[in-house]
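# Reading the structure
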Amino acid sequence: QVQLVESGGGLVQAGGSLRLSCAASGRTFTTYGMGWFRQGPGKEREFVAAISRLGLTTSHVDSVKGRFTISRDNAKNTVYLQMNNLKPEDTAVYYCAATVKVRIGYDIPEYAYWGQGTQVTVSS
């Protein structure tokens, strides 16, 4: 079991940058693959990015490739989402999640643990 707390959300103008952090509790952070999901207004929660337990493999949804980068610092029990060139359509509540699967997950059911989310608003 792990507890996740997101931070770093806020209001930013289009073209700006934001870095989200997700701090995990416990001493077994490397047990978990990590993912970022987001849910925009009137939309379903969708996959954004994922990273494997040791950070050797990453994946990003096409809509954020080249703009967003997921990373992790296992020594700090933290996963990050660096978001550059933000667009209004990136406006959403961003959630980090953890999976015990040995491979990174792309779907919500694959993640057993979730943070409470952090709001990202991009003005046009």
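One can find the structure itself at the top, above this paragraph.
This write-up is about the structure you can find in this document. (Residues numbered from 1 in each chain as written. Predicted model: local features only at pLDDT ≥ 70, side-chain atom pairs only at ≥ 80, totals over all residues. Heavy atoms only, no water.)

The bond known as a disulfide is covalent and runs between the sulfur atoms of two cysteines. Applying the stated rule across the entire model yields one disulfide. Between the sulfur of Cys22 and that of Cys96 lies a disulfide, 1.9 Å long from S to S. Between Cys22 and Cys96 the disulfide shows an S-S torsion of about 50 degrees. By sign, it is right-handed. Of this pair, Cys22 sits in strand E3 (residues 18–24) while Cys96 sits in strand E9 (residues 92–99), and the two are 74 residues apart along the sequence. (Disulfide = S-S within 2.5 Å. Helix = DSSP H or I, 4+ residues; strand = E, 2+ residues; numbered from the N terminus.)

Here Arg72 lies in strand E7 (residues 68–73). A distance of 2.8 Å separates the side chain of Arg72 from the backbone oxygen of Ser52, its partner in a polar contact. Here the side chain of Arg72 touches Arg53 through a polar contact of 3.3 Å, landing on its backbone oxygen. (Polar contact = N/O pair within 3.5 Å; in protein donor to acceptor, adjacent residues only side chain to side chain.)

Time to look at the pairing of strand E8 (residues 78–83). Most of E8 sits out of view: five of its six residues are buried. With six bridges connecting them, E3 and E8 associate as antiparallel partners. Its bridge partner lying in E8, Ser21 is registered against Tyr80. Sheet analysis places E7 next to E8, joined by six bridges and oriented antiparallel. When the bridges of E8 are listed, Arg72 appears paired with Val79. (Buried < 20%, exposed > 50% of the residue type's maximum accessible area, 1.4 Å probe, protein only. Pairing = 2+ DSSP bridges.)

By themselves, these observations are geometric and do not establish any function.
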